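Observations on the three-dimensional arrangement
Okay, here's what each chain looks like letter by letter:
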Amino acid sequence: MFKKDYLEFRRVKFGLLNLALYAIFTTTEIAAQSSVTAQELQSESFNWWMIILFILVGCLALAIFYRYKIKSAEELTTTSYTRVSYSDNKTGKDSISADKELEWLRKNRKLVGKSESPTNPKPEKAKQNGSAKPHSVSIENIAEVSSVLPIYSFLKLKPTEPFVALPISNDDALMSAIEQVHEEFEEDEEIRTLAVRILAAFRTSNSVEALSQVALYDLSSNLRSKAVTTLSEFDHESVFETILLACADPTREVRAAAARSLFHLTFNRGDAWARIANSGEQGRMWQIARAAIEADLVERSFERLIHQDRKYASEAFALVTLLIRAGEIEVITNFLHKNRDAKLRRAILHTIKVSKDKKGLDGLNALLKQANLSPDLQEDVDKTIEEMGFVTV
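Rules used in this analysis
- Residues numbered from 1 in each chain as written.
- Predicted model: local features only at pLDDT ≥ 70, side-chain atom pairs only at ≥ 80, totals over all residues.
- Heavy atoms only, no water.
- Helix = DSSP H or I, 4+ residues; strand = E, 2+ residues; numbered from the N terminus.
- Contact = heavy atoms within 4.5 Å.
- Axes fitted to C-alpha atoms, helices over the stretch in contact; angles between N-to-C directions.
- Parallel < 35°, antiparallel > 145°, perpendicular 65-115°, else oblique.
- Phe/Tyr/Trp six-rings, centres within 6.5 Å; stacked < 30°, edge-to-face > 60°.
- Buried < 20%, exposed > 50% of the residue type's maximum accessible area, 1.4 Å probe, protein only.
- Patch = residues over 30% accessible without salt bridge, like charges linked within 9 Å, V, L, I, M, F, W, Y side chains within 5 Å.
- Areas by Shrake-Rupley, 256 points an atom, 1.4 Å probe, with all protein chains shown as cover.
- Salt bridge = Lys/Arg side-chain N within 4 Å of Asp/Glu carboxyl O.

**What about the side chain of R345?**
When you line up the elements, R345 lands in helix 16 (residues 342-355). Excluding residues within four positions of it along the chain, R345 makes contact with L336, N339, R340, D376, L377 and D380.

Right, dumping it as structure tokens:
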């Protein structure tokens, strides 16, 4: 009896123990699941809070940036621009209020580009006070100045898309004419002239190539000039470089035909100059730059830098950039030295600055070493070198 009760007690005890263990395991599992769920909810909530916090921080940073930018612009238009005067005693200072300068420029837009005019609306008063000629408005204020002169809106020579090439033709008459102009021992000028006429009837890329060979290398100056004129009638950018090179022809007849042809072209010549300047081919750039100098295109391009028509200013900007990259900086510095137009000088210096080319920097350093350099030009050049991020030695 006792043994039976004892066994019954052990069974009950074992059952209660199993039940307790089951309860403990169940409670633990529920707690673990609750913990995981809480962690997932907490993690998900944390992720959302992180996203919201990131957005708020981004908005705050953007607001601070625009506030800083607006504040910088306000300071630029309200703070007087002061430079050290390059007078004999080196003690005087020139200053001008930028907002007054801009106000005067807005009221006198029609005068810009016509003739040299004082940048201070009261020059007599400045003279009486003993101050030197003030510096014009700072060229960093692009947003304001570009409304008067487009040149200051050009901050780099933009890349250009390649032009659409002319088609190629395999016409029998065309192919025969190409053979005739390429014939080295064809001495009859009449035959070569007939070949040029046939080439003129085909507006194709192989016709342009053959005519270019005649325009640059034929022994007859009369035939070279005819080939140049024919190329200009095609009015396609593929003829641009040949006509430019013909501007440096040793014969006056060919140079005159090339000069006339240049002004008959209707495509965007600014893009054509820019493509050559962006080519990176030093020999090609130098040849075209020399041809432009020989054709007397450079000085006229300097004057167009301050043109109010954006198209003309853009073309001049591309040509001057080409001169800098080709290493023909001396023609630019010589013009700076002899020219007295402050607006024009500063437009050229702006072009050199934004080109960021070492050859332009070397040219400016060489210009500073020249004798009889005017104080105004010396100050402008020094300021340009400083803005390029370099220091003169």
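**Quick word on the packing of helix 11 (residues 269-277) against helix 12 (residues 282-294)**
It is at 9 Å that the axes of helix 11 and helix 12 come closest, and there the two elements cross at 140°. When the axis of helix 11 is compared with that of helix 12, the two are oblique. Within the contact between the two elements, helix 11 uses W273, I276 and A277 and helix 12 uses R284, M285, I288 and A292.

**Observations regarding the packing of aromatic side chains**
For the structure on display, the rule yields four aromatic pairs. Where F240 meets F267, the ring centres are 6.0 Å apart and the plane angle is 80°; that geometry is what we call edge-to-face. Here F267 lies in the loop between helix 10 (252-264) and helix 11 and F240 lies in helix 9 (residues 240-246), a separation of 27 residues in the sequence. Both residues of the pair, F240 and F267, count as buried. Centre to centre, the rings of F302 and F335 are 4.6 Å apart; their planes meet at 40°, and the pair counts as tilted.

**Quick word on the environment of V181**
For V181, the position within the fold is in helix 5 (residues 172-182). Classification of V181 by relative accessible area gives buried; the value is 16%. Sequence spacing of V181 and R192 is eleven residues, and the spatial spacing of their C-alpha atoms is 5.9 Å. With sequence-adjacent residues up to four places away left out, V181 is seen in contact with A195, L199, A210 and V214.

**What about a nonpolar patch on the surface?**
Taken together, the side chains of W48, I51, F54 and I55 define a hydrophobic patch exposed on the protein surface, amounting to about 490 Å² of accessible area. As for its placement among the helices and strands, W48 is situated in helix 1 (residues 2-78). The class for W48 is exposed, based on a relative accessible area of 54%.

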